[in-house]
Amino acid sequence: MRKWIAAAVAVPVVAAGAAAFLWLRGGDLPRPATLRSETTSAIYAPIATRAADPAPLTADEVFPTGSVAAGGSTLARQGTETLTDCAAAVWGDAEEAVAGCGQALRARYATADGRVFGQFVVFNLADAAAADRLVRTFSGPRGGGFVRLAPGAPAGFGAARSWAQVRALGHYVTVSWVGPVGGGGRVDLTYPQVALDSLSLAVQRRLTR
């Protein structure tokens, strides 16, 4: 189980597959340039509903350490938030899609040199159907919206070159979003994305309780 969990986090992010596509289609609020999304699967049946998994998430559970790392890339945590109004964390049609969401936990991360900024958000929805609906909304046609950048995000965050990974995991949805800061040269986001997406393990660990 542990080996499978680690592979589930790393492999879809590192492998640029058909699910990746350019996703800047206008609008005033920033969206990722490249999005990978996954709906839930039968593996998450034990946490398919909030009724079956009633304990709320905590910041210590989701963000247990001060940094995340992968492949030599380290991002330090800059701050966390626990939101009871999930609609405040999204925009567009996603505001309607989070109806019934019980909480959203959000954290900001950055590399030591400030060249990469990222944020991770997890939504605690009523059931797997609601989670899949939110994933489809994020990855759907224009107007679907996305998560809002957290307060404190750098003004130079390059959404037009950013990557995001969206997953439905039972009744949860996780969003890891990373991008370059400033107008410098090319920045490889592969390992920053893997590092940030590893925070999804907090949800997957609930399968082994």
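Here, the structure is the one placed above.
One structure accompanies this document, and this report is about it.

Rules behind the numbers
Residues numbered from 1 in each chain as written. Predicted model: local features only at pLDDT ≥ 70, side-chain atom pairs only at ≥ 80, totals over all residues. Heavy atoms only, no water. Pairing = 2+ DSSP bridges. Helix = DSSP H or I, 4+ residues; strand = E, 2+ residues; numbered from the N terminus. Axes fitted to C-alpha atoms, helices over the stretch in contact; angles between N-to-C directions. Contact = heavy atoms within 4.5 Å. Disulfide = S-S within 2.5 Å. Phe/Tyr/Trp six-rings, centres within 6.5 Å; stacked < 30°, edge-to-face > 60°. Buried < 20%, exposed > 50% of the residue type's maximum accessible area, 1.4 Å probe, protein only.

### Description of the sheet that holds strand S4 (residues 103–110)
Taking strand neighbours across the sheet as the criterion, the seven strands line up as S1-S6-S7-S5-S4-S3-S2 in an open arrangement whose pairing is mixed. The open sheet has two edge strands, strand S1 (34–38) and strand S2 (67–70), and neither has a second partner. Across the sheet, the mean angle separating the axes of adjacent strands is 20° when strand polarity is ignored. The sheet contact formed by S2 and strand S3 (residues 73–83) spans four bridges and is antiparallel. Looking at S3, one finds that Ala 69 is bridged to Thr 74. The sheet contacts of helix H5 (residues 190–197) involve S2, S3, S4, strand S5 (116–124), strand S6 (163–169) and strand S7 (172–180), and relative to S7 the element is tilted by about 150°.

### A few points about the state of the cysteines
Evaluation of the coordinates by the stated rule reveals one disulfide. Each disulfide pairs two cysteine sulfurs, and for Cys 86 the partner residue is Cys 101, the sulfurs being separated by 2.1 Å. Taking the sign of the S-S torsion, -60° for the link of Cys 86 and Cys 101, the bridge is left-handed. Of the two residues, Cys 86 sits in the loop between S3 and helix H3 (94–97) while Cys 101 sits in the loop between H3 and S4, which places them 15 residues apart along the sequence.

### Looking at the packing of aromatic side chains
Pairs of aromatic rings are described using the distance from one ring centre to the other and the angle between the two planes. The final tally for this structure, using the stated rule, is six aromatic pairs. With centroids separated by 6.4 Å and ring planes inclined at 50°, the aromatic side chains of Phe 123 and Phe 138 adopt a geometry described as tilted. Of this pair, Phe 123 sits in strand S5 while Phe 138 is found in helix H4 (residues 128–138), placing the two residues 15 residues apart along the sequence. Here Phe 123 matches Phe 138 in class, with each residue buried.

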